[in-house]
Amino acid sequence: EDKVVQSPLSLVVHEGDTVTLNCSYEVTNFRSLLWYKQEKKAPTFLFMLTSSGIEKKSGRLSSILDKKELFSILNITATQTGDSAIYLCAVEARRWNSGGSNYKLTFGKGTLLTVNP
Amino acid sequence: NAGVTQTPKFRVLKTGQSMTLLCAQDMNHEYMYWYRQDPGMGLRLIHYSVGEGTTAKGEVPDGYNVSRLKKQNFLLGLESAAPSQTSVYFCASRTTSGAPARETQYFGPGTRLLVL
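Note that this is a predicted model, so its numbers are computed, not measured.

Chemist: I would appreciate a short explanation of the sheet that holds strand β6 (residues 56–58) of chain A in the present structure.
Modeler: Remark on secondary structure: sheet strands pair via backbone hydrogen bonds, oriented parallel or antiparallel. All names here are of chain A. Read from one edge to the other, the open sheet built from five strands follows the order β1-β3-β8-β7-β6, with strand pairing classed as antiparallel. In this open sheet, the two edge strands, each paired with only one partner strand, are β1 (3–7) and β6. Between one strand axis and the next, the sheet turns by 15° as a mean value, whatever way the strands run. Taken together, the six bridges between strand β7 (residues 61–66) and strand β8 (residues 71–76) define a ladder with antiparallel strand orientation.

Now the structure itself:
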């Protein structure tokens, strides 16, 4: 059974702090790891990671994947109150059945980040 | 281009009632998914579809059925609702270009379901 574990489950910081969110996984036939941000609505896509050691960056957010140790981190520098959200990690794995192959996403439980002014 | 839409946005059911949640996407995506999200549980996959006319079970399929008669629509049915099905339901879709780096999964706005 595929497993995705995020830590910490919740985190409270002050504006300007830097945070690191963790995601470890155990899946068979790994294809990619994805990070999402969820505020009071649907998750929005942040990053997709497929290769080890290559950092993806978007503004103050960055993420990297380690396929040997089976984990990823999401960094947020100079946090702002608008960064307060649940951050979801998901791992995509390839599955085969009688109809061919397809891809299945397994989500972690998320990290609730609260940034106080 | 509306992306992924879900109807209804909110519904209250009595135990034993049935209903259908509709998900529609106008991006010509092959894959569509239904998830439920409960406090402390993250997103759990109920059923998914890799193309028109195909469906497959996810992590928590019991008590739900799905149909994908048209590529743009993915229906989630509850035949006999139970209080344990009180949740927020998200639909998602994605394309599969064969290159993971170019694929993105898009989520609908969610349907909040309360079963009394």
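Let's pick the thread back up.
Chemist: Looking at this model, I keep getting lost on the state of the cysteines. Mind explaining?
Modeler: Covalently bonding the sulfur atom of one cysteine to the sulfur atom of another cysteine gives a disulfide. All names here are of chain B. A full pass over the atoms with the stated rule returns two disulfides over all chains. At a sulfur-sulfur separation of 1.8 Å, the disulfide partner of C23 is C91. Measuring the twist about the S-S bond at about -75°, one finds the C23-C91 disulfide to be left-handed. With a gap of 68 residues between them, C23 in strand β3 (residues 19–25) and C91 in strand β9 (residues 87–94) connect regions that are remote in the sequence. Under the relative-accessibility criterion, C23 is labelled buried at 0%. C91 sits in the buried class, given a relative accessible area of 0%.

Chemist: Would you mind showing me how to read the interface of chain B and chain A here?
Modeler: You'll often see interface size given as the accessible area lost when the parts meet. At the interface, 23 residues of chain B touch 19 residues of chain A. With both chains or domains summed, chain B and chain A bury close to 1800 Å², and 58% of this area falls on carbon and sulfur atoms. At the junction of chain B with chain A, the criterion picks out one salt bridge. Of the charged contacts, one joins R94(B) and E92(A) as a salt bridge, the two residues approaching to 2.3 Å between their closest N and O atoms. Summed over the shared surface of chain B and chain A, the number is three residue pairs in polar contact (both at pLDDT 80 or more). Every element with two or more residues in the side of chain B that touches chain A is listed here: β4 (31–38), β5 (42–49), β9 and β10 (105–107) of chain B. Broken down by class, the residue content of the side of chain B that touches chain A amounts to 14 nonpolar, seven polar and two charged.

Chemist: What should I look at first to understand the sheet that holds strand β1 (residues 4–7) of chain B in this one?
Modeler: All names here are of chain B. Judged by pairing direction, the sheet is antiparallel, and its four strands sit side by side in the order β1-β3-β8-β7 without closing on themselves. Only two strands of the sheet have a single partner each, and these edge strands are β1 and β7 (65–67). Within the sheet, the average angular offset between the axes of one strand and its neighbour, ignoring direction, is 20°. Pairing geometry for β3 and strand β8 (residues 73–78), over six bridges, is antiparallel. Counterpart to A24 in the pairing with β8 is N73.

Chemist: I would appreciate a short explanation of the pattern of salt bridges in the present structure.
Modeler: It is possible for side chains bearing opposite charge to pair when their charged atoms get close. Scanning all chains against the criterion turns up six salt bridges over all chains. Across the pair K41(A) and E39(A) runs a salt bridge whose closest N-O atoms are separated by 3.9 Å. Ionic contacts of the salt-bridge type, sharing partners, join the residues R31(A), E92(A) and R94(B) into one network.

Cut-off values and rules
Residues numbered from 1 in each chain as written. Chains lettered and ligands numbered in written order. Predicted model: local features only at pLDDT ≥ 70, side-chain atom pairs only at ≥ 80, totals over all residues. Heavy atoms only, no water. Pairing = 2+ DSSP bridges. Helix = DSSP H or I, 4+ residues; strand = E, 2+ residues; numbered from the N terminus. Axes fitted to C-alpha atoms, helices over the stretch in contact; angles between N-to-C directions. Disulfide = S-S within 2.5 Å. Buried < 20%, exposed > 50% of the residue type's maximum accessible area, 1.4 Å probe, protein only. Contact = heavy atoms within 4.5 Å. Buried area = accessible area lost by both parts, 1.4 Å probe. Salt bridge = Lys/Arg side-chain N within 4 Å of Asp/Glu carboxyl O. Polar contact = N/O pair within 3.5 Å; in protein donor to acceptor, adjacent residues only side chain to side chain. Nonpolar A, V, L, I, M, F, W, Y, C, P; charged D, E, K, R; others polar.

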